Amino acid sequence: MTYTQSQTASMSSTATEARVREVMKHVFADITALATRGFTSHERAAKWRDDLTWMLSSEVISSFELQLEVPGQRARGFHYDVSDDGSLQEAGRSGGMQLYEFPDGTTASIIVSFKRPLQDEIEAEIKARNWTSPATYLKGEKTRDRAYSCDGYGVVRNRVGDW
C-alpha cells in the first residue's frame with residue numbers, strides 16, 4: 001500500500017463514522033469488483049476497505065486512487081476525491097467500471113494522499129497498517145465518473161488515464 005502527500009485545511013467537516021460507512025458501501029462495491037475480476041485478492045480488498053474506513057473516519061486523507069496496471073499498457077484507474085464540506089449531494093450507484101476492458105493479468109493497487117501534518121498517534125497507526133511506501137498518482141486528465149455521498153459527505157470518482 002502506498003501514499004502521496006498533500007496539505008489541506010478544512011474549516012468544518014461533514015465527516016462522521018456513520019456517513020463514512022454509508023459512502024464506503026459504494027466504494028467497497030468498486031473494490032470488490034476488482035477482486036471478483038481477479039485484479040486483487042478478496043483478502044486485500046477487505047483490508048483496503050477497513051483501512052480506508054479508518055482513514056476517512058479519522059479524516060487523514062484527501063483522496064485515494066485505485067490503479068490498474070495492464071502488462072504492456074499505460075496504467076489507468078479511478079481517482080476518488082473526498083468531499084467533506086457539505087457541498088456533495090449526489091448519491092450515485094456503484095459499478096459501471098467497465099472492467100471487462102482489462103485482460104487477465106491486470107493488477108490493482110491503491111494509493112492514498114494524506115493530509116499533513118499528522119499527529120504522532122495517527123502516524124503510528126498508519127505505519128502499523130503498513131501504509132508507508134511513497135507513490136504517485138496516475139498522470140492524465142481526470143474525468144468525473146460518479147459520486148457517492150451521504151448527508152453532504154462523500155467521494156467523487158474520476159477516471160484517470162487513457163480510457
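Attention here is on the structure that accompanies the text. (Residues numbered from 1 in each chain as written. Predicted model: local features only at pLDDT ≥ 70, side-chain atom pairs only at ≥ 80, totals over all residues. Heavy atoms only, no water.)

**Some details on the overall build of the chain**
Heads up, the rule is: Numbering goes from the N terminus for both helices and strands, where a helix is a DSSP run of H or I of at least four residues and a strand is a run of E of at least two. In this setup the radius of gyration rests on C-alpha atoms only. A globule is expected at 2.2 Å times the number of residues raised to 0.38. Any two residues whose heavy atoms approach within 4.5 Å at even a single point are treated as in contact. Surface accessibility in these figures is a Shrake-Rupley result with a 1.4 Å probe; residues are shielded only by whichever protein chains are displayed. As used throughout, the charge tally considers Lys and Arg to be positive and Asp and Glu to be negative, leaving His and the chain termini uncounted. Each charge is placed at NZ for Lys, CZ for Arg, CG for Asp and CD for Glu.
Scanning the chain from N- to C-terminus turns up three helices and seven strands. Starting at the N terminus and walking to the C terminus, you meet the elements of the chain as β-α-α-β-β-β-α-β-β-β. Against the compact-globule benchmark of 15 Å for 163 residues, the chain has a radius of gyration of 15 Å, which places it among compact chains. Its C-alpha atoms give the chain principal-axis dimensions of roughly 45 × 35 × 30 Å. A fraction of 77% describes how many contacts in the chain between residues 6 or more apart in sequence connect residues 24 or more apart. When the accessible surface of the chain is totalled, it reaches about 8300 Å², and 47% of it is carbon and sulfur. In the chain, 20 positive and 23 negative side-chain charges are present, and the distance between their average locations comes to 3 Å.

**A look at helix 1 (residues 17-36)**
This is how the line gets drawn: Given the number of residues in a helix, its expected span is that number minus one, multiplied by 1.5 Å. Bend angle per residue: angle between axes fitted to the 7 residues ending at that residue and the 7 residues starting there. Think of it in three bands: residues with accessible area under 20% of the maximum for their type are buried, residues over 50% are exposed, and the middle band is partly exposed, with areas taken using a 1.4 Å probe on protein chains only.
Taking 1.5 Å of rise per residue, the 20 residues of helix 1 would be expected to cover 28 Å, and the 27 Å separating its terminal C-alpha atoms lies within 8% of that figure. For helix 1, the principal kink sits at K25 and spans about 30°. Among the residues making up helix 1, those that are buried are V20, V23, M24, V27, D30, I31, L34 and A35. G38 occupies a position one or two residues after helix 1 and carries a positive phi of about 95°.

**A closer look at the side chain of D51**
The condition that has to hold: In the analysis that follows, any N or O atom pair within 3.5 Å is treated as a polar contact, provided that within protein one partner can donate a hydrogen and the other can accept it, and provided that, for residues neighboring in sequence, both atoms belong to side chains.
Among the secondary structure elements, D51 is positioned in helix 2 (residues 42-57). One polar contact links D51 to K47, side chain to side chain, over a distance of 2.5 Å.

**Brief notes about the pairing of strand 2 (residues 61-69)**
The condition is simple: Note on pairing: two strands pair once DSSP finds at least 2 bridges between them.
Here strand 2 lies mainly inside the structure; eight of its nine residues are buried. The pairing of strand 2 with strand 4 (residues 107-115) spans eight bridges and is antiparallel. Paired with S63 across the strands is S113, a residue of strand 4. Sheet topology note: the strand 2/strand 3 (residues 76-83) ladder contains six bridges and is antiparallel.

**Concerning the nonpolar core**
Heads up, the rule is: Throughout this description, the term nonpolar core refers to a set of buried Ala, Val, Leu, Ile, Met, Phe, Trp, Tyr and Cys residues connected via side-chain atoms within 4.5 Å.
Within the largest apolar cluster, 39 residues are counted, with the highest numbers of intra-cluster contacts made by V27, L52, I61, F64 and F114. Among the elements that line this core, the one with the most residues is helix 1, at seven residues. Residues in contact with V27, not counting those within four places in the same chain, are L52, F64, Y80, Y148 and V155.

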